[in-house]
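Each chain is listed here by its residues.
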Amino acid sequence: MRALSSQLLEGVDVMAAVVDTLSFGAAAEVLDMSQSGVSRAIARLEARLGIRVFERTTRSVRLTDEGREFYLQVMPLLAELAEVTGGAAGDAQKIRGRLRVNVDPLFASQILGPRLGAFMDAHPELEIELRSRDELGDLISEGFDLALRFGHPQSSSLIARKLFETRVIAMASPDYLRRFGTPEEPQELETNAHRCILFREPTTGKPFRWEFHRGREKLMIQPQGRLTVNDAETVLSTCLAGLGVAQIFELGSEEYIASGRLKPLFPLWSDNRFPLHAYYPSRHHVPAKTRALLDFVSRLVS
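Criteria and cut-off values
Residues numbered from 1 in each chain as written. Predicted model: local features only at pLDDT ≥ 70, side-chain atom pairs only at ≥ 80, totals over all residues. Heavy atoms only, no water. Helix = DSSP H or I, 4+ residues; strand = E, 2+ residues; numbered from the N terminus. Buried < 20%, exposed > 50% of the residue type's maximum accessible area, 1.4 Å probe, protein only. Contact = heavy atoms within 4.5 Å. Areas by Shrake-Rupley, 256 points an atom, 1.4 Å probe, with all protein chains shown as cover. Phe/Tyr/Trp six-rings, centres within 6.5 Å; stacked < 30°, edge-to-face > 60°. Pairing = 2+ DSSP bridges. Right-handed = clockwise from strand over helix to strand, strands pointing away. Core = buried A, V, L, I, M, F, W, Y, C linked by side-chain atoms within 4.5 Å.

Novice: For the overall build of the chain, give the residues involved together with the corresponding values.
Specialist: Along its length, the chain carries nine helices and 13 strands. Burial status across the chain gives 43% buried among its 302 residues. Counting contacts in the chain only where the partners sit at least 6 residues apart, residues at least 24 apart contribute 74% of the total. As displayed, the chain offers around 16100 Å² of accessible surface, 49% of which is attributable to carbon and sulfur atoms.

Novice: Can you break down the environment of Pro 153 residue by residue, with the values?
Specialist: Topologically, Pro 153 is positioned in the loop between strand 5 (146–150) and strand 6 (159–172). With a relative accessible area of 52%, Pro 153 lands in the exposed category. Taking the C-alpha atoms as reference points, Pro 153 and His 277, 124 residues apart in sequence, are found 7.0 Å from one another. Not counting chain neighbours up to four residues away, the residues in contact with Pro 153 comprise Ala 160, His 277 and Tyr 279.

Novice: Can you break down the packing of aromatic side chains residue by residue, with the values?
Specialist: Tallying each qualifying case throughout the model produces nine aromatic pairs. Summarising the aromatic geometry, the rings of Phe 150 and Phe 249 are spaced 4.3 Å apart at their centres and angled 35 degrees between planes, so their arrangement reads as tilted. Here the residue Phe 150 occupies a position in strand 5, and Phe 249 occupies one in strand 11 (residues 246–249), the gap between them amounting to 99 residues. Ring geometry for Phe 212 against Phe 266: centres 5.6 Å apart, planes inclined by 90 degrees, an arrangement best described as edge-to-face.

Novice: Residues and numbers for the pairing of strand 4 (residues 126–132), please.
Specialist: Along any regular strand, the residues point their side chains to alternate faces of the sheet. Across seven bridges, the pairing between strand 3 (residues 97–103) and strand 4 is parallel. Its bridge partner lying in strand 4, Arg 98 is registered against Glu 127. Remark: the strand 3/helix 5 (residues 105–122)/strand 4 crossover connection has right-handed handedness.

Novice: Requested: an account of unusual backbone geometry, with residues and values cited.
Specialist: Phi at Leu 22 is positive, roughly 60 degrees, even though this residue is not glycine. The phi dihedral of Phe 266 falls on the positive side, at around 55 degrees, and the residue is not glycine. For Phe 266, the position within the fold is in the loop between strand 12 (263–264) and strand 13 (273–280). Among the residues examined, Phe 266 registers a relative accessible area of 5% and is labelled buried.

Novice: Break down the nonpolar core for me, citing the residues and quoting the values.
Specialist: By size, the foremost hydrophobic cluster in this structure holds 32 residues, and its most contacted members are Phe 107, Leu 148 and Val 297. Only strand 3, helix 5, strand 5, strand 6, strand 13 and helix 9 (288–298) provide two or more residues apiece to this core. A total of seven residues in this core trace back to one element, the largest contributor, which is helix 5. Excluding residues within four positions of it along the chain, Val 297 makes contact with Phe 107, Leu 112, Leu 148, Leu 163, Phe 164 and Leu 276. Counting 28 residues, the second largest nonpolar core, distinct from the first, contains Val 12, Ala 27, Leu 63 and Leu 139.

Here it is, written out as structure tokens:
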């Protein structure tokens, strides 16, 4: 078996810094090295592995397919090694370091952000960076530890773990209902008698069709409306302003429902649920900081 040399470990550390910062220069600053020193460390790593780790241009740096595969395999192992060696010093249970999370914008602003204080208080040595993104993107090459996305599992080499589901409910404001009346059945939203706030699906560029579930029965409708948006927060704000009926997650809307600012519609057709998934590189050797956040998010609806 080939010995694990200090040069190889140094090269992996430098590689991780480049992945995190997307720049040789920025990685050099983080590591307190010269940019030429970073380049030499990567060159030595590539020579030892026999593969090209990064594709480099004057404007960007990204992992090659072989580099991505190596990164996916080795980083969880090194994270576990760091935990084990920390445990030898009586520090195994510490949640520390930097955690970078690619997170769904609505989940970040309406659900996770307002509740994150308890998690940060419980782990004072952990630094968290939340990046609100509409797309999953390339988790590894962009240096994220995990992603939190609403929707059904996307095709990816990443592990997808469902954390919870929340109901999707058609709602309207009292002002809207006074102007246009209260619809009794979902099919009424397909007529010009009502105005719906449509949400454009990022992948297709077309407005979502609306689903309504009653037990095992499913109803699909094409709502009518003059307003189409591509941001879930705008859906919420325009619905609160009385511009139309909207489909909104129950989680994060509790205070608006309790205060009467939003009125749920079609109680017999309110069984539609939408999942939140976590995406991360490997099912094995998941770092302690990642496990801690996953556990915290899973408990948000318990």
